[in-house]
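Structural description and commentary
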Amino acid sequence: SAYNGGNKIIRQVESIILQEEVNVSLFIRDDGSDIDNINILRQLEKKYPEKIFCIYGANLGFKQSFMELSYMAFPNFDYYAFSDQDDIWFSDKLISCIKLMESDIKENQINKEGNVKRAQSNRCKLAHCNCISVDKKLRLRSEQEKRIPCPPNHKMAISTEFFQGCGMVWDKKLMELIQTYRPKNNNISHDYWVGLLGYWIGQVYFCKDPKFYHIRYENNESMDGDVKKGLKNFITGDVIYMNPVQDLLEGYTNYMSEEDKVFLKTLSNYQHSIKEKFRILTDWEFRKPSMMATMLLKLAV
């Protein structure tokens, strides 16, 4: 999704087009940019007519703009990936993730409990990779993001966004599942939703080596979220965390264990039941990575 990215878009597009061992097609949605940005995209379309397809829409905000892309994407590709408009990919980013998903090497594969497990060919697959965090001038930042291979458990995957959208690649089977149901909660972001489905339903793979430069600006938020912003949202009554419960129950109940269904129904009903609320408050698996963020989450409940 593009929005007034300027020449930074050209740099990112070139890094995607030049990926090794992969035949890449790039689907770009402009999210209501100014004419200068639109002209840049049109120039890229003209330069790479067989590689780039653009659509120009109204401003929806990045969450819904990426969601539009996810549900409009053509079904005839082997793998899919998100891209921010201003990152820079290493030339082996895609193929590194793809080889993990296509490999049977045990140490490259993890199950939902974080243990080593041989791949199951009938399951959908999602891979993600590390990055190098840089500032807008591509200088190394002192604070580097630490990705983990997999969420500790299903409940934490609900409370926290563990998968970085610009670091994910997923297979056709997962894309088909994604496109069978679109979440009704507009607060849910594209990367949180796809990562959550890949983890809950499929097989997750992790490439520990950095495979792209992730450009961070002063207003970027960390993986665990901005606690100050969360506290402000709590005080003003705004949403503190994305709640996918109703959408998971409506769209993907058939793919869940009975234990998962019980938890989601408890989380769905806690506002109307003191008993269910107590279960959520005392359930230590339903938490965030930091103590402060967890306290805020429980306080909101």
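Bear in mind that the values here come from a model prediction, so they are computed numbers and not experimental data.

This structure, assessed with the given rule, holds 13 salt bridges. One salt bridge in this structure joins Glu 68 and Arg 182, with 3.1 Å as the shortest N-O distance. Of this pair, Glu 68 sits in helix 3 (residues 62-72) while Arg 182 sits in the loop between helix 6 (172-178) and helix 7 (190-201), and the two are 114 residues apart along the sequence. Given a relative accessible area of 30%, Arg 182 falls into the partly exposed group. Among the ionic contacts, a cluster of salt bridges with common partners joins Glu 145, Arg 147 and Arg 216.

Bringing unusual backbone geometry into the picture now. One non-glycine residue, Asn 4, adopts positive backbone phi at about 50 degrees. Here Asn 4 is to be found in the segment before helix 1 (8-17). A relative accessible area of 35% means that Asn 4 is categorised as partly exposed. Phi is positive for Glu 21, which is not a glycine, with a value near 60 degrees. Inspection of the secondary structure assignment puts Glu 21 in the loop between helix 1 and strand 1 (26-31).

A few words on the side chain of Asp 171. With respect to the helices, strands and loops of the structure, Asp 171 is situated in strand 7 (residues 168-171). Notably, Asp 171 is buried but unbridged: the nearest opposite-charge side chain belongs to Lys 125, and the N-O separation is 5.9 Å. Of the polar contacts made by the side chain of Asp 171, one reaches the backbone nitrogen of Leu 174; its length is 2.9 Å. If we skip the residues at most four places from it in the chain, Asp 171 touches Asp 78, Tyr 79, Tyr 80, Met 101, Arg 123, Cys 124 and Lys 125.

Below, the discussion takes up the packing of helix 1 against helix 2 (residues 35-47). Two elements in contact, helix 1 and helix 2, have axes separated by 10 Å at closest approach and are oriented at 25 degrees. Here helix 1 lies roughly parallel to helix 2, going by the angle between them. Relative to helix 2, helix 1 is oriented so that their crossing is right-handed. Contact with helix 1, carried on its side by Ile 9, Ile 10, Val 13 and Glu 14, involves Asn 37, Ile 40, Leu 41, Leu 44 and Lys 47 of helix 2 and no other residues of that element. Here the residues of the contact of helix 1 with helix 2 are counted per class, giving six nonpolar, one polar and two charged.

Rules of the game
- Residues numbered from 1 in each chain as written.
- Predicted model: local features only at pLDDT ≥ 70, side-chain atom pairs only at ≥ 80, totals over all residues.
- Heavy atoms only, no water.
- Salt bridge = Lys/Arg side-chain N within 4 Å of Asp/Glu carboxyl O.
- Helix = DSSP H or I, 4+ residues; strand = E, 2+ residues; numbered from the N terminus.
- Buried < 20%, exposed > 50% of the residue type's maximum accessible area, 1.4 Å probe, protein only.
- Lys, Arg positive; Asp, Glu negative; His and termini not counted.
- Polar contact = N/O pair within 3.5 Å; in protein donor to acceptor, adjacent residues only side chain to side chain.
- Contact = heavy atoms within 4.5 Å.
- Axes fitted to C-alpha atoms, helices over the stretch in contact; angles between N-to-C directions.
- Parallel < 35°, antiparallel > 145°, perpendicular 65-115°, else oblique.
- Left-handed = near helix turned anticlockwise from the far one by under 90°.
- Nonpolar A, V, L, I, M, F, W, Y, C, P; charged D, E, K, R; others polar.

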